[in-house]
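Observations on the three-dimensional arrangement
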Amino acid sequence: MKSINGHDTDLATFAGGCFWCMIAPFANMPGVDKVISGYTGGYKENPTYKEVCSGTTGHYEAIQITFKPSICPYDRLLGVYWRQIDPTDEGGQFQDRGASYRTAIFYHSESQKQKAEASKKALEESSRFRRPIVTDILPAKYFYPAEEAHQNYHQKNQLHYDLYRSGSGRDDFIKHYWKQS
């Protein structure tokens with residue numbers, strides 16, 4: 001992609017339910033330059049949060065990560081991604097229901113596609129989950145940044161974010177399946 005401080009950068013795009021909950025796990029990783037909330041995968045240009053949540057745009061809530069593969073390989077991002085979601089839920093994520101909250105990996109290259117498919121297969125073969133893995137692996141489409149209020153929400157509105165996240169069931173799920181606190 002482009003060079004930042006002598007390092008080439010790339011993009012990774014993941015949908016994992018509420019985008020507020022997806023930024024923090026990636027934001028402070030070495031080699032990650034930027035993580036933004038937004039919408040992708042649909043057909044409506046410049047959608048708003050309200051439109052996406054209404055289910056009329058075809059978009060997913062997603063995050064887009066700008067990263068340096070020489071410092072943070074794509075495989076590492078995939079590993080973090082799988083540990084943030086319920087990959088067996090085709091109706092949304094945790095308390096957030098509907099098409100805009102489904103999970104998906106949007107690949108930006110053939111290499112990313114192959115790595116995403118291999119990581120999904122490895123997760124399926126691990127027998128960690130009793131139900132099938134339903135996370136889609138799709139070609140990246142245009143990514144529309146979400147409104148400013150949704151960017152870095154976990155920092156701007158920490159109390160509300162913490163209450164939302166713990167109340168959603170996401171943290172309990174992660175702790176149960178991945179033994180993380």
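Report follows, based on the coordinates. The structure presented is a predicted model; accordingly, all values stated were derived computationally and were not measured.

**Examining the overall build of the protein chain**
A tally of regular secondary structure across the protein chain gives seven helices and ten strands. Relative to a compact globule of 181 residues, whose C-alpha radius of gyration would be 16 Å, the protein chain shows 15 Å and is just as compact. Projecting the C-alpha coordinates of the protein chain onto the three principal axes gives extents of approximately 40 × 40 × 30 Å. For the protein chain, the proportion of its 181 residues judged to be buried stands at 47%. Put simply, of all contacts in the protein chain between residues at least 6 apart along the chain, 75% involve residues at least 24 apart. Once the 22 positive and 21 negative side-chain charges of the protein chain are each reduced to a mean point, those two points are 3 Å apart.

**As for the pairing of strand β3 (residues 10-16)**
When you tally the buried positions in β3, you get six out of seven residues, the bulk of the element. Where β3 lies against strand β5 (residues 60-67), five bridges are found, and the strand directions are antiparallel. Bridged to F14 within β5 is I63. For β3 and strand β8 (residues 103-107), the ladder comprises four bridges, and the chain directions are antiparallel. Note on β8: the bridge partner recorded for G16 is T103.

**Describing helix α4 (residues 110-126)**
In a regular helix each residue adds 1.5 Å, so 17 residues correspond to 24 Å; α4 covers 24 Å between its end C-alpha atoms and thus fits that length. Restricting attention to buried positions, one finds in α4 the residues Q112, A116, S119, K120 and L123. For α4, the buried positions fall inside an angular range of 100 degrees around the axis, keeping them on one side. Just downstream of α4, S127 is the residue with a positive phi angle, here 60 degrees.

**Some words on the pattern of salt bridges**
Tallied over the entire structure, the rule returns seven salt bridges. We note a salt bridge from K68 to D33, for which the minimum N-O separation is 2.5 Å. You can see K68 sitting in the loop between β5 and α3 (74-82) and its partner D33 sitting in strand β4 (residues 32-40), a full 35 residues away along the chain. Classification of D33 as partly exposed rests on a relative accessible area of 34%. Here E51 makes a salt bridge to K44, at a shortest N to O gap of 3.6 Å. On the basis of relative accessibility, which here comes to 26%, the residue E51 falls in the partly exposed class.

**Some thoughts on the nonpolar core**
Among the nonpolar cores identified, the biggest contains 41 residues, and F14, F26, I63, I65, Y74, L77 and I105 are the most heavily contacted of them. Counting residues per element, this core draws most heavily on α3, at six residues. When neighbours within four sequence positions are excluded, I63 is seen to be in contact with A12, T13, F14, F19, M22, I23, F26, V35, I36, S37 and F143. One finds A62, A104, F106 and F143 within the second-largest nonpolar core, a separate group that totals six residues.

**Focus: the packing of helix α1 (residues 20-27) against helix α6 (residues 158-168)**
The geometry of α1 relative to α6 is characterised by a closest axis approach of 10 Å and an angle of 105 degrees between their N-to-C directions. Comparing the axis directions of α1 and α6 gives the class roughly perpendicular. For the pair α1 and α6, the contacting residues are W20, C21 and A24 in the first and H160, Y161, Y164 and R165 in the second.

**Describing the side chain of T57**
Mapped onto the secondary structure, T57 falls in the loop between α2 (49-53) and β5. Among the polar contacts made by the side chain of T57, one reaches the main-chain amide nitrogen of H59 at a distance of 3.2 Å. Residues within four places of T57 in sequence aside, it is in contact with G42, Y43, K44, P47, E51 and V52.

Cut-offs used in this document
- Residues numbered from 1 in each chain as written.
- Predicted model: local features only at pLDDT ≥ 70, side-chain atom pairs only at ≥ 80, totals over all residues.
- Heavy atoms only, no water.
- Helix = DSSP H or I, 4+ residues; strand = E, 2+ residues; numbered from the N terminus.
- Rg over C-alpha atoms; globule rule 2.2 N^0.38 Å.
- Buried < 20%, exposed > 50% of the residue type's maximum accessible area, 1.4 Å probe, protein only.
- Contact = heavy atoms within 4.5 Å.
- Lys, Arg positive; Asp, Glu negative; His and termini not counted.
- Charge placed at Lys NZ, Arg CZ, Asp CG, Glu CD.
- Pairing = 2+ DSSP bridges.
- Expected span 1.5 Å × (residues − 1).
- Arc of directions from axis to C-beta.
- Salt bridge = Lys/Arg side-chain N within 4 Å of Asp/Glu carboxyl O.
- Core = buried A, V, L, I, M, F, W, Y, C linked by side-chain atoms within 4.5 Å.
- Axes fitted to C-alpha atoms, helices over the stretch in contact; angles between N-to-C directions.
- Parallel < 35°, antiparallel > 145°, perpendicular 65-115°, else oblique.
- Polar contact = N/O pair within 3.5 Å; in protein donor to acceptor, adjacent residues only side chain to side chain.

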